Amino acid sequence: MGTWKSRRIEWKRKAREFGLAAKALASTSHPISAHVIPIRRCNLACKYCNEFDETSPPVPTAEMLRRIEWLADLGLSALTFSGGEPLLHPDLDQLMLRVRERGMMAGVITNGLLLNEQRIERLNSAGLDYLQISIDNVQPDEVSLKSLKTLDSRLVMLAQHAEFHVNINSVLGSGVKNPQDALTIAYRAIELGFTSTVGIIHDGTGQLKPLRPEELEVFDKIKSLNKSHYSALNGFQENIAHGRPNEWRCRSGARYLYICEDGLVHYCSQQRGYPGVPLLDYGVEDIRREFRTEKPCAPNCTVSCAHQTAIMDYWRVPQTLRAFSHHRPRSTPQAQPDGSDVLVQVE
Ligand code: SF4
Ligand code: SF4
């Protein structure tokens, strides 16, 4: 994106972001960011993933529109479609248009395989603001086909046609065979004019493990490629990379929401079932309660969207409430006095 038109779109987007950030600072009674699942199905089957299936149908468009309206009425600032693979939803453009009509930022997280020139132009017309692709390796392997080799031609198309911001995420940590791949992916992203981030993945036990020395070296190099993007999250990422717990207050359920295909509100993709309330019943009281609810999984959390939204409220209100699933009758809370069995990783 180097044309006058694309720069104008970028400035307008930044102005809208600025306005929404001011709104987020002014009040804590509305959500800032939500990930919404329009379809659980995916056209890939990455070995490490617990967020997809191979069969489920798209959420009906009318139902998705109701959810978008409700989130807008709650005062949401930014809505990101995730999955599964959200581009498999037949009416995704219509859903994005509605997000933009209601004054929210519109984002999508995709594996990128369904992108072509025409699809990118449709996303431009729908008013998409951000697109993120996570690339796992340089060459496809038995764990993941999300490789630079498979996706590079789509990245070139994005560089030529996308009017939205593109971020390429690479990964380091457990199960990643070659850490140098993350660096190759990040260099290519920057070369094409995108931003680049790196995610650190766990071994599935929920424990933080420090990155190995060669991984840390790659991590530092990627950070230096895109300093501005990392500045706000530096502390969180640094601690995760070194295997140190973070001291922070997770405001999921209040400032960050994860809405599954069944229309339930969850803390995040890794804590599905909490609070487990249908979105169309979710109100300001739920937001206020969850704002004050402590999440015992916070120290070892790697969910960067939750970190990002929590920064807004870093200095605010301590959390004194215990987390439990409201999906069950409220008279039978799941929390135990020592908090040891609250919040479990779902599936
Ligand atoms: S592309 Fe994404 S949603 Fe699909 S299987 Fe891989 S990680 Fe999961
Ligand atoms: S894993 Fe826990 S701390 Fe992290 S976003 Fe989810 S609920 Fe919050």
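This one's a predicted model, so the numbers in the text were calculated from it and none came from an experiment.

Digging into the site of ligand 2
Ligand 2 sits among Cys250, Ser252, Tyr267, Cys268, Gln270, Gln271, Lys295, Cys297, Ala298, Cys301, Val303 and Ala306. Its residues assigned to classes, the shell around ligand 2 shows eight nonpolar, three polar and one charged.

Re helix 10 (residues 284–291)
Residues that lie three or four places apart on an α-helix share one face, since the helix turns once every 3.6 residues. Residues of helix 10 that are buried include every one of Ile287, Glu290 and Phe291, and no others. Looking straight down helix 10, one finds that the buried residues subtend no more than 105° of arc, so they occupy a single side. Where helix 10 is buried, its residues touch strand 9 (275–278) and strand 10 (293–294).

Overview of the packing of helix 6 (residues 180–191) against helix 7 (residues 213–225)
Where helix 6 meets helix 7, the closest approach of the two axes is 9 Å, and the angle between their N-to-C directions is 10°. Accordingly, the angle class assigned to the pair helix 6 and helix 7 is roughly parallel. Two secondary-structure elements touch here, helix 6 through Gln180, Ala182, Leu183, Ala186 and Ile190 and helix 7 through Val218, Lys221, Ile222 and Leu225. Here the residues of the contact of helix 6 with helix 7 are counted per class, giving seven nonpolar, one polar and one charged.

Focus on the pairing of strand 4 (residues 130–135)
A one-sided burial pattern is seen for strand 4, the buried positions being Leu131, Ile133 and Ile135 and the unburied ones Tyr130, Gln132 and Ser134. With four bridges joining them, strand 3 (residues 105–110) and strand 4 adopt parallel strand pairing. When the bridges of strand 4 are listed, Gly107 appears paired with Tyr130. Regarding topology, helix 4 (residues 117–126) serves as the crossover connection from strand 3 to the parallel strand 4, and that connection is right-handed. Sheet topology places strand 4 next to strand 5 (residues 165–173); six bridges connect them, and they run parallel. Bridged to Ile135 within strand 5 is Ser170. Chirality of the crossover, the property in question, places the unit of strand 4, helix 5 (residues 148–161) and strand 5 among those that are right-handed.

Looking at the site of ligand 1
Around ligand 1 sit Cys42, Leu44, Ala45, Cys46, Cys49, Glu51, Phe52, Gly83, Gly84, Glu85, Asn111 and Lys146, and that is every residue in its neighbourhood. Here the shell around ligand 1 is built from residues that sort into six nonpolar, three polar and three charged.

Describing the nonpolar core
Core analysis: the largest hydrophobic core is formed by 78 residues, its most contacted members being Leu79, Leu172, Ala182, Ile259 and Ala306. Ranked by residues supplied to this core, first place goes to helix 6 with five residues. Excluding residues that lie within four positions of it along the chain, Ile259 makes contacts with Ala34, Val36, Ile37, Arg67, Val265 and Leu279.

So, how was this worked out
Residues numbered from 1 in each chain as written. Chains lettered and ligands numbered in written order. Predicted model: local features only at pLDDT ≥ 70, side-chain atom pairs only at ≥ 80, totals over all residues. Near = placed C-beta within 6 Å. Nonpolar A, V, L, I, M, F, W, Y, C, P; charged D, E, K, R; others polar. Buried ≥ 20, exposed ≤ 12 C-beta atoms within 10 Å, placed from the backbone. Helix = DSSP H or I, 4+ residues; strand = E, 2+ residues; numbered from the N terminus. Arc of directions from axis to C-beta. Contact = placed C-beta atoms within 7 Å. Axes fitted to C-alpha atoms, helices over the stretch in contact; angles between N-to-C directions. Parallel < 35°, antiparallel > 145°, perpendicular 65-115°, else oblique. Pairing = 2+ DSSP bridges. Right-handed = clockwise from strand over helix to strand, strands pointing away. Core = buried A, V, L, I, M, F, W, Y, C linked by C-beta atoms within 7 Å.

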